[in-house]
Every structure is written in C-alpha cells, then in structure tokens.
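Topology and contacts: notes
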Amino acid sequence: MRLINKLIFLKQILTPRKIYNLVLKEIQYIFGHSRLIYFPNKLTIDIGNVCNLRCPLCPTGRADKSASKGFMKFEEFKKVIDQLGDYLTNLELYNWGEPLLNRDLIKMIHYAKGRNIPVSISTNLNILEGGMAEGLVSTYIDKIFISCDGASPETYAKYRVGGDFDKVISNTTELVEAKKKLNNHYTRLILLFHVFKHNEHEVETVKEVARGLGVELRIDRMRTDMGKEIFERVGDSIERDKDWIPLNPEHCGFDLDGRENRFTCKHLWKTAVINWDGAVLPCCAVYGERYAFGNVFEEPFASIWNNEKYRSARQEILNKREKSPTICHTCKENGFLNF
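Note that this is a predicted model, so its numbers are computed, not measured.

About the criteria used
Residues numbered from 1 in each chain as written. Predicted model: local features only at pLDDT ≥ 70, side-chain atom pairs only at ≥ 80, totals over all residues. Heavy atoms only, no water. Helix = DSSP H or I, 4+ residues; strand = E, 2+ residues; numbered from the N terminus. Rg over C-alpha atoms; globule rule 2.2 N^0.38 Å. Areas by Shrake-Rupley, 256 points an atom, 1.4 Å probe, with all protein chains shown as cover. Phe/Tyr/Trp six-rings, centres within 6.5 Å; stacked < 30°, edge-to-face > 60°. Buried < 20%, exposed > 50% of the residue type's maximum accessible area, 1.4 Å probe, protein only. Core = buried A, V, L, I, M, F, W, Y, C linked by side-chain atoms within 4.5 Å. Contact = heavy atoms within 4.5 Å. Pairing = 2+ DSSP bridges. Right-handed = clockwise from strand over helix to strand, strands pointing away. Expected span 1.5 Å × (residues − 1). Arc of directions from axis to C-beta. Patch = residues over 30% accessible without salt bridge, like charges linked within 9 Å, V, L, I, M, F, W, Y side chains within 5 Å. Salt bridge = Lys/Arg side-chain N within 4 Å of Asp/Glu carboxyl O. Axes fitted to C-alpha atoms, helices over the stretch in contact; angles between N-to-C directions. Parallel < 35°, antiparallel > 145°, perpendicular 65-115°, else oblique. Left-handed = near helix turned anticlockwise from the far one by under 90°.

Comments concerning the overall build of the chain
- In terms of regular secondary structure, the chain is built from 13 helices and 9 strands.
- Rg of the C-alpha trace for the chain: 20 Å, near the compact-globule value of 20 Å for 339 residues, within the 12% margin.
- Dimensions of the chain, computed from the C-alpha atoms along their principal axes, are close to 50 × 50 × 35 Å.
- Surface summary for the chain: the accessible area is close to 15400 Å², and the carbon and sulfur share equals 53%.

Spelled out as structure tokens, the structure:
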C-alpha cells in the first residue's frame with residue numbers, strides 16, 4: 001500500500017512541465033539569477049486569515065489589526081490555480097487562519113487535486129461540522145496536519161487558548177473512521193506537536209496518543225511571536241518569549257547562548273504566498289498585505305514574480321544589492337532564520 005501511495009504522489013509531481021520547472025529553479029538559484037524564467041513549485045494560499053482560537057504567539061490569535069480579514073472565494077482560488085497549477089509540487093491551503101472556516105475548502109481541494117496538485121492543510125480541528133470529515137477524506141487530500149500542542153487538556157489549553165483537547169481527539173477519530181469507511185489509504189493524518197517549555201515533558205506521552213489514534217506524529221519546534229519575529233533581532237525575540245522556549249536543546253530552534261541564528265533564505269526562488277485578498281508575499285512569515293509584492297487579482301502572477309520588488313529582494317539575499325525596498329531587507333538585517 002505504501003508503494004501504491006508513493007506512485008500516486010509521484011504521478012502528481014513528475015510531469016514533464018513540473019520536472020523542467022524544477023530543473024530551471026535549481027540552475028537559476030545556483031547561478032544567482034534574480035529574473036526567473038520558471039514559476040514557484042511551492043505555493044501557500046491563505047484561504048482565510050480568520051481563526052477560532054487565540055494562540056498568544058500568532059498575530060491572528062492576538063487580534064492584530066494590521067491585516068485585513070476575510071476569506072478567499074472559490075472563483076478567486078480557481079483564478080490562481082489556473083495560472084500556477086501546472087508547475088506546483090506542493091500546495092498549502094493555510095497560513096494565518098483556520099482553513100476549515102472557509103466554506104469553499106472542500107471544493108477548492110477537489111479542484112486542485114483535479115489538476116494533479118499535492119495539497120495539504122493545517123487545522124486546529126476544533127470544528128468538524130456534520131459531513132465535513134467524509135467530505136475532506138473524499139478529496140484524497142495528501143496531508144491533514146492536526147495541531148495539538150499537548151497530551152492533556154490542561155497542557156493543550158495553555159497555548160491553544162479557546163480550544164478543546166477532547167474535541168480535537170474526537171474529531172481526529174472521526175477522520176480516521178472516515179478514511180476507513182471510504183477506503184482511503186492515501187490521505188495522511190499527522191498530529192503536529194509544537195514543543196514549548198510547558199509541554200516538553202509530554203513528548204513521550206504524545207507519541208502514545210498518536211499511536212492510540214492511529215495517526216502519524218510530527219514533533220516540531222516553536223517559533224517566537226510570528227507577527228514580530230522578522231522585525232527584531234533574534235536575541236530580542238528570545239528574551240521576550242523566553243517563558244515559552246523549551247529547555248531541551250533537541251527541541252529548541254534557537255541558540256540560547258549566542259542569541260543569534262545564521263541567516264539563510266531560498267524562499268524567493270522556490271515559493272510564494274498569496275493572501276485571501278490576492279496579495280502576493282515572499283514567504284509565510286510576512287503578516288499583512290502592506291508588504292505585498294503585488295496582487296494576483298489585479299495583475300498576472302507572471303508579471304509580479306519578476307517585478308522590481310522581487311528582483312531587488314533576490315539581489316539583496318545574494319549580497320548583490322543593499323537595502324532593497326522590501327520586507328526581505330528588514331528580515332535579512334535582523335538575521336531571522338525561518339526554520
């Protein structure tokens with residue numbers, strides 16, 4: 001079965017056009033080109049930056065008002081996919097919000113999968129309305145990440161403010177049962193456990209939770225305040241959010257002694273992020289349309305991908321230019337490593 005699943009996945013990504021696109025990407029990055037003759041192979045579409053939880057290190061959870069709120073409509077989504085779908089090997093339908101709140105989600109997944117695009121979502125899974133479990137599973141979506149940063153109700157609620165641990169477990173079970181009912185052995189259900197100081201003692205316990213549910217588990221590192229991190233030095237982020245950062249070096253993404261991370265970035269060559277309102281951003285760490293490089297609802301993505309902002313940002317990352325008029329300059333200057 002694992003071999004069959006691998007073949008299904010490869011069928012989606014190993015088309016002549018996608019292979020050619022990937023080869024061009026590697027060549028142009030190696031030679032340090034800023035004007036690109038290919039399209040990104042990875043795309044993040046934030047189909048809605050609204051969430052039902054209040055996670056304290058997320059700008060959406062903190063009710064940050066620097067980004068307009070809303071949901072992408074299916075016709076708008078279709079317009080994006082029709083431009084980029086032939087080149088995509090990875091499509092993420094989430095970023096700053098809860099994707100299950102968008103009523104067009106299942107329709108969007110069906111459309112993307114119909115174009116042979118691997119699709120994933122990340123959800124807090126506190127809402128799973130009637131029929132939604134089977135609806136999701138019926139799309140043969142590639143991955144569903146289930147954010148569950150605790151192995152007990154008390155620990156879970158510390159960060160996932162407003163969430164219900166027992167409901168997450170119940171809804172996960174419902175997805176597992178839907179897979180069985182529909183004989184879907186392809187879709188991967190992955191419990192996503194971000195390690196914080198308050199839950200690092202539960203790492204071994206959550207492994208048992210995942211086994212009991214019959215799902216995969218990914219242990220992931222936390223990030224400091226995700227709306228502020230690229231606007232400040234790493235050391236400042238660490239100092240402010242030190243009460244959240246785990247002590248075990250195995251689960252800590254920061255150099256707590258040196259207080260700085262080494263900067264590196266390939267996002268401008270391989271990926272793009274599109275907000276619900278069409279704003280095109282250089283990576284998933286950028287919050288708010290005011291830092292957009294263009295708007296895909298107003299002009300073709302092809303013209304945005306090689307406009308002055310994109311080219312100047314790439315040149316600065318390659319140390320061929322100083323102080324590009326983009327958010328990428330701020331990010332590089334502060335030494336942020338988006339791990």
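Now that the structure has been shown, we can carry on.
Section: the packing of aromatic side chains
- Applying the stated criterion to the full structure yields 14 aromatic pairs.
- Summarising the aromatic geometry, the rings of F74 and Y111 are spaced 5.8 Å apart at their centres and angled 90° between planes, so their arrangement reads as edge-to-face. Of this pair, F74 sits in helix α3 (residues 74-84) while Y111 sits in helix α4 (residues 105-114), placing them 37 residues apart in sequence.
- For Y111, a relative accessible area of 21% translates into the label partly exposed.
- An angle of 45° between the planes, with centres 5.5 Å apart, marks the rings of F231 and Y291 as tilted.

Thoughts on the nonpolar core
- In terms of nonpolar packing, the biggest core is built from 95 residues, with L43, I45, F77, L91, L93, L136 and L175 touching the most fellow members.
- The residues contacting L93, other than those within four sequence positions of it, are I45, I47, F77, P99, L105, I109, V119, S120 and I121.

Structural notes on the pairing of strand β3 (residues 119-123)
- Among the 5 residues that make up β3, 5 are buried, leaving the element largely enclosed by the rest of the structure.
- The two faces of β3 match: V119, I121 and T123 on one face and S120 and S122 on the other face are all buried.
- Alignment of strand β2 (residues 90-92) against β3, held across 2 bridges, turns out to be parallel. By the bridge assignment, L91 is partnered in β3 with V119.
- In this fold, the crossover linking β2 to β3 by way of α4 has right-handed handedness.

Details of helix α1 (residues 2-13)
- With 12 residues, α1 should reach 16 Å at 1.5 Å per residue; the first-to-last C-alpha distance of 17 Å fits that figure.
- Within α1, the full set of buried residues consists of N5, Q12 and I13. Around the axis of α1, the buried residues are gathered within 90° of arc, so they sit on the same side. Exposed positions of α1 whose direction lies more than 90 degrees from the buried face are L3 and K11.
- Buried residues along α1 sit in contact with α2 (16-30) and α4.

Here we look at a nonpolar patch on the surface
- On the surface, L14, I19, V23, I27, I30 and F31 cluster together into a nonpolar patch covering about 590 Å² of accessible area.
- Here F31 shows up in the loop between α2 and β1 (42-45).

Things to note about the sheet that holds strand β5 (residues 188-195)
- Read from one edge of the open sheet, 9 strands run β6-β5-β4-β3-β2-β1-β7-β8-β9, paired in mixed fashion. Either end of the sheet is taken by a strand with one partner, and the two such strands are β6 (216-221) and β9 (294-295).
- Across the sheet, helix α7 (residues 165-181) is in contact with β4 (143-147) and β5; its angle to β4 comes to roughly 165°.

Description of the side chain of H251
- Topologically, H251 is positioned in the loop between α9 (234-240) and α10 (267-270).
- Not counting chain neighbours up to four residues away, the residues in contact with H251 comprise V195, V203, I219, R221 and P246.

Quick word on the pattern of salt bridges
- In this structure the tally under the stated criterion is 20 salt bridges.
- K242 is the partner of E239 in a salt bridge, and the nearest nitrogen-oxygen pair spans 2.9 Å.
- Relative accessible area serves as the criterion here: at 39%, E239 is assigned to the partly exposed category.
- Members of the salt-bridge network, linked through shared partners, are R17, K78, D82, D86 and R115.

Details of helix α8 (residues 203-213)
- What α8 keeps buried is the set V203, V206, A210 and L213. Axial view of α8: buried residues confined to an arc of 75°, hence all on one face. Opposite the buried face of α8, by more than 90 degrees, sit the exposed residues E204, R211 and G212.
- Contacts made by the buried residues of α8 are with α7, β5 and β6.

Topic: the side chain of N306
- Locating N306 in the fold gives a position in the loop between α11 (301-305) and α12 (308-317).
- N306 gets classed as buried once you look at its relative accessible area, which sits at 15%.
- Setting aside residues no more than four positions away along its own chain, N306 makes contact with S34, R35, L36, R311 and R314.

Here we look at the packing of α3 against α4
- Interaxial distance between α3 and α4 falls to 10 Å at its minimum, and their mutual angle equals 20°. If you check the angle between α3 and α4, you find them roughly parallel. At the point where α3 passes α4, the crossing takes the right-handed sense. Contacts between α3 and α4 involve F74, F77, K78, I81 and D82 from the first element and K107, M108, Y111 and A112 from the second.

Looking at the pairing of β4
- Counting buried residues in β4 gives 4 out of 5 residues, a clear majority hidden from the surface.
- Sheet topology note: the β3/β4 ladder contains 4 bridges and is parallel. Pairing of I121 across the sheet is with I144, part of β4.
- Traced from β3 through helix α5 (residues 132-138) to β4, the parallel crossover comes out right-handed.
- Sheet topology places β4 next to β5; 5 bridges connect them, and they run parallel. Paired with F145 across the two strands is I190, which belongs to β5.

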